[in-house]
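Reading the structure
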Amino acid sequence: MTALPPLDLRPRRPAWGVRLPARKSLSTAEPIRVLAPPTRVTLALVAGDGPAAVPCVVPGQAVQWGEPVATAGGPGGACVHASIAVRVVTFGEAAWAGRPAPVPAITIAGDGSDARYAGYAPCGEPGELPAAALAAHLARSGIVGLGGALFPAARKLADCAAVHTLLLNGVECEPYISCDDRLLRERADRVVDGARWLLAASGVPRAVIAIKTDMAAARVALADALATAGDPRLALAVVTSLYPAGGERQLIELI
């Protein structure tokens, strides 16, 4: 096997960067809370730059939380699932952040029951299914990025033959933003599990989870989760908290 390029898991402070006030104490002082289901949601049928999804339900139909309501409209698209139960109300268009014009959308009215869809079979453990089967399951699940563009996760794994390292970016260098920090404090084991699933689905040989130096509690929780997993393919990198260390290109340079 060809040797993998070396990693810098404790990179030195770079020559670039700005020290910004963190202002994260308010949002990191309390644990994550699960809110009650809303009474109505509107789901966009577009994701990334791919084609719009095609509805597979009809107005008035009862749906459950997690049930497919639209299938991918073609290569590069993403499936859409109900985020609440119980009834599809309308098809139409809705204004959407980052989009210059209204986009196709489905509106669902909820009754607060949050009944769960049971139509997906468990995948077992990472490595039990071929990478192609896992990638297809990821596409059916409609998982998209949360950075605003809603880029389908399956597309990111479509061609990883030449990729030697999967990089999970937990470096929140902007003021106020702290969802990664709090998530790693409370659910580091699930993040580590997610890294193992992504390695299985992509065929990439190793993964690095990157956080910044001032995320002390998250660092301890993540180190404990990695030790429990005992997977030599996974590593933790601690990088500077200077802005913009969490930018894609900047983080790749540091690691």
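Data block above holds the structure.
Below or above, wherever it landed, is the structure these notes cover. Quick caveat: nothing in here was measured; it's all calculated off a predicted structure.

To continue, consider the overall build of the chain. Per the secondary structure count, the chain includes six helices and nine strands. Against the compact-globule benchmark of 18 Å for 255 residues, the chain has a radius of gyration of 20 Å, which places it among compact chains. Its C-alpha atoms put the chain at 55 × 45 × 35 Å along the principal axes. Expressed as a percentage of its 255 residues, the buried residues of the chain come to 38%. Restricting to contacts in the chain with at least 6 residues of sequence separation, those with at least 24 account for 70%. If you sum the accessible surface of the chain, you get close to 14,200 Å²; carbon and sulfur atoms cover 58% of it. Taken together, the 24 basic and 22 acidic charged side chains of the chain have centroids lying 4 Å from each other.

By the element assignment, Val163 lies in the loop between α3 (153-156) and β7 (166-169). Owing to a relative accessible area of 34%, Val163 belongs among the partly exposed residues under this scheme. Distance in space between the C-alpha atoms of Val163 and Arg206 is 9.6 Å, their sequence separation being 43 residues. Among all residues touching Val163, those that are not within four sequence positions of it are Val204 and Pro205.

Next up on the list: the side chain of Thr28. Here Thr28 is to be found in helix α1 (residues 25-28). Of the polar contacts made by the side chain of Thr28, one reaches the backbone oxygen of Lys24; its length is 2.8 Å.

It is worth spelling out the pattern of salt bridges at this point. Inspection of the entire model under this criterion finds seven salt bridges. Lys212 is the salt-bridge partner of Asp214, the closest N and O atoms lying 3.2 Å from each other. Accessibility expressed as a relative area gives 4% for Lys212, which makes it buried. A salt bridge links Arg233 to Asp231; the shortest N-O distance between them is 2.8 Å. By relative accessible area, which is 32% here, Arg233 ends up partly exposed.

The buried fraction of strand β9 (residues 234-239) is high, at six of six residues. Judged by which residues are buried, β9 turns out to be covered on both faces: Leu234, Leu236 and Val238 on one side and Ala235, Ala237 and Val239 on the other are all buried. By the bridge criterion, six bridges tie strand β8 (residues 207-212) to β9 in an arrangement that is parallel. Paired with Ile211 across the bridge in β9 is Val238. Regarding topology, helix α5 (residues 216-229) serves as the crossover connection from β8 to the parallel β9, and that connection is right-handed.

What follows concerns the sheet that holds strand β1 (residues 40-44). Strand order in the open sheet formed by three strands is β1-β6-β5, and the pairing between neighbours is antiparallel. Of all strands in the sheet, those bounded by a partner on one side alone are β1 and β5 (86-94). On average, each strand axis in the sheet is inclined to that of its neighbour by 25 degrees, with strand direction left out of account.

This brings us to unusual backbone geometry. With omega at 10 degrees, the peptide bond leading from Tyr243 into Pro244 counts as cis. Backbone geometry at Tyr176 places phi at a positive 75 degrees, although glycine is not the residue there. Within the element layout of this structure, Tyr176 appears in the loop between β7 and α4 (179-202).

One ladder, built from two bridges, connects strand β2 (residues 54-55) with strand β3 (residues 68-71); its direction is antiparallel. Across the sheet, the residue bridging to Pro55 is Ala70, located in β3. In terms of strand pairing, β3 meets strand β4 (residues 80-81) through two bridges, oriented antiparallel. Within β4, the residue paired with Ala70 across the bridge is Val80.

Among the residues making up helix α2 (residues 131-140), those that are buried are Leu134, Ala135, His137 and Leu138. One side of α2 holds all its buried residues, which, seen down the axis, span an arc of 160 degrees. Contacts made by the buried residues of α2 are with α3 and α4. Positive backbone phi, at 70 degrees, marks Gly142, one or two positions downstream of α2.

Reading the values: rules and limits
Residues numbered from 1 in each chain as written. Predicted model: local features only at pLDDT ≥ 70, side-chain atom pairs only at ≥ 80, totals over all residues. Heavy atoms only, no water. Helix = DSSP H or I, 4+ residues; strand = E, 2+ residues; numbered from the N terminus. Rg over C-alpha atoms; globule rule 2.2 N^0.38 Å. Buried < 20%, exposed > 50% of the residue type's maximum accessible area, 1.4 Å probe, protein only. Contact = heavy atoms within 4.5 Å. Areas by Shrake-Rupley, 256 points an atom, 1.4 Å probe, with all protein chains shown as cover. Lys, Arg positive; Asp, Glu negative; His and termini not counted. Charge placed at Lys NZ, Arg CZ, Asp CG, Glu CD. Polar contact = N/O pair within 3.5 Å; in protein donor to acceptor, adjacent residues only side chain to side chain. Salt bridge = Lys/Arg side-chain N within 4 Å of Asp/Glu carboxyl O. Pairing = 2+ DSSP bridges. Right-handed = clockwise from strand over helix to strand, strands pointing away. Axes fitted to C-alpha atoms, helices over the stretch in contact; angles between N-to-C directions. Arc of directions from axis to C-beta.

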